[in-house]
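A structural walkthrough
One-letter residues, chain by chain:
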Amino acid sequence: GLELSHCVGANSLGPTVPWRSGGPCKMKRVRTVFKPEQLERLEKEFLKQQYMVGTERVDLAATLHLTETQVKVWFQNRRIKWRKQSMEQKAAKLSQFGVIQPATADSTDIKDHEEDLVDVEL
């Protein structure tokens, strides 16, 4: 299941952060903190291929002592970051030549996807 930092009750002074509704209390999920060695390996694999699926993902997760879901979500978030960086580099090159780029659907899509960043701790 999800690792939760605390259960906020009705008498709590702290803010409630809903994770899933339906229970008597609200749960706050804990953000995954990757070790430097794990990040180095994940980045290395990302440079080889931007999509990690199937047995490759299972094997990588086992090697790094992570869950398959953590690896999947890391790759999803990394692809969003990669696309955003690519768009920024493209815009910077165009601006060097005095080309003004209108807002495109792609840049809007990136903003929408930034809100979709997911962090799941299992």
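Residues numbered from 1 in each chain as written. Predicted model: local features only at pLDDT ≥ 70, side-chain atom pairs only at ≥ 80, totals over all residues. Heavy atoms only, no water.

To continue, consider the nonpolar core. Listed in full, the 11 residues of the largest apolar core are F34, L42, F46, M52, L60, A61, L64, L66, V71, W74 and F75. When contributions to this core are tallied by element, the ones reaching two or more residues are α1 (36–48), α2 (54–64) and α3 (68–96). In contact with F34, not counting residues within four places along its chain, are L39, L42, L66, Q70 and W74. (Core = buried A, V, L, I, M, F, W, Y, C linked by side-chain atoms within 4.5 Å. Buried < 20%, exposed > 50% of the residue type's maximum accessible area, 1.4 Å probe, protein only. Helix = DSSP H or I, 4+ residues; strand = E, 2+ residues; numbered from the N terminus. Contact = heavy atoms within 4.5 Å.)

It is worth spelling out the packing of α1 against α2 at this point. Across the interface, α1 lies against α2 with an axial gap of 10 Å and an inter-helix angle of 160°. Taken together, α1 and α2 sit at an angle that is classed as roughly antiparallel. The hand of the α1/α2 crossing is right-handed. Each of Q38, R41, L42 and E45 in α1 lies in contact with α2, whose residues at this interface are L60, T63 and L64. (Axes fitted to C-alpha atoms, helices over the stretch in contact; angles between N-to-C directions. Parallel < 35°, antiparallel > 145°, perpendicular 65-115°, else oblique. Left-handed = near helix turned anticlockwise from the far one by under 90°.)

So far we have only geometry, and geometry alone does not tell us how the molecule works.
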